[in-house]
Amino acid sequence: MNTYSTLNTLNKNTKNVWIVFHGIGFLSRYFIKNFNELPKEENYIIAPQAPSKYYLNRDYRHVGASWLTKENTVLETKNVLNYMDNMFAVENIPGDCQLIVLGFSQGVSIAARWVAKSKINLDQLILYAGGIPEELTPDDFKFLLAGNAKIKMVLGNKDEFITEARLIKETKKMDSLFSGKAELIKFDGGHEIRKDILISLME
């Protein structure tokens, strides 16, 4: 199984378990540091690692990773989702913890696909600064709405990757997929994980 990173310890005081999908160019062990200001006793964070690693520039020092490319996308998607199912089984998350699934940037597409396929019983799905895959339909997420899960889309108002046209498109898609029950959260900032936003998402 591919590697993944964790932050804090799953224990009897854990209230929230986060499964967080990084964006393109990240490694999970660095991405997970964005969550280090959440209360440690109450929050256990799991950061899956995208499988396709590459050097970020020509000095061959810094490594990043990507979830998917246009090469063998169907097979690679299947492999990633199987990896996630295996990782979730290994972690054996207690049923009394609030389960939060968050995707950032490219990680939104993997988070959404995995939730749609696995039908896991979660409390919050957070789609942060990324696009929802075109192939997903409202039927894929009926189980979430039936379970009263909270769905949130988080965007910075200065995000260089979210044009006005794309915002309109993604908002319409979100309304369609989640029957108008998803919440759009906008903040003053760019394409970035904001720790104050993460803290507010638990409230």
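Being a predicted model, the structure only gives us computed values, none of them experimental. (Residues numbered from 1 in each chain as written. Predicted model: local features only at pLDDT ≥ 70, side-chain atom pairs only at ≥ 80, totals over all residues. Heavy atoms only, no water.)

Quick word on the pattern of salt bridges
And then number 1: For the coordinates displayed, the defined rule picks out 10 salt bridges.
And then number 2: Across the pair Glu134 and Lys173 runs a salt bridge, and its minimum N-O distance is 3.3 Å. Taken together, the residues span a long stretch of sequence, with Glu134 in the loop between strand S7 (124-128) and helix H4 (142-146) and Lys173 in helix H5 (residues 164-177) at a distance of 39 residues.
And then number 3: Several salt bridges share partner residues, and in doing so they unite Glu134, Lys169, Glu170 and Lys173 into one network. (Salt bridge = Lys/Arg side-chain N within 4 Å of Asp/Glu carboxyl O. Helix = DSSP H or I, 4+ residues; strand = E, 2+ residues; numbered from the N terminus.)

Details of the side chain of Ser105
And then number 1: Relative to the elements of secondary structure, Ser105 occurs in the loop between strand S6 (98-104) and helix H3 (107-118).
And then number 2: A polar contact is formed between the side chain of Ser105 and the side chain of His191, at a distance of 2.9 Å. (Polar contact = N/O pair within 3.5 Å; in protein donor to acceptor, adjacent residues only side chain to side chain.)

Some points on the pairing of S7
And then number 1: Buried residues dominate S7, accounting for five of its five residues.
And then number 2: At this point the chain moves from S6, through H3, to the parallel S7, and the crossover so formed is right-handed.
And then number 3: As paired strands, S7 and strand S8 (residues 150-156) are joined by five bridges and run parallel to one another. Bridge pairing links Gln124 to Lys150 in S8. (Buried < 20%, exposed > 50% of the residue type's maximum accessible area, 1.4 Å probe, protein only. Right-handed = clockwise from strand over helix to strand, strands pointing away. Pairing = 2+ DSSP bridges.)

A closer look at the sheet that holds strand S2 (residues 16-21)
And then number 1: Strand order in the open sheet formed by seven strands is S1-S3-S2-S6-S7-S8-S9, with mixed pairing between adjacent strands. The open sheet has two edge strands, strand S1 (4-7) and strand S9 (183-187), and neither has a second partner. Direction aside, the axes of adjacent strands within the sheet are offset by 20° on average.
And then number 2: Note: S2 against strand S3 (residues 43-48), four bridges, orientation parallel. Paired with Trp18 across the strands is Ile45, a residue of S3.
And then number 3: H3 rests against S2, S6 and S7 of the sheet, and its axis sits at about 140° to S6. (Axes fitted to C-alpha atoms, helices over the stretch in contact; angles between N-to-C directions. Contact = heavy atoms within 4.5 Å.)

Just geometry here; none of it tells us what the structure is for.
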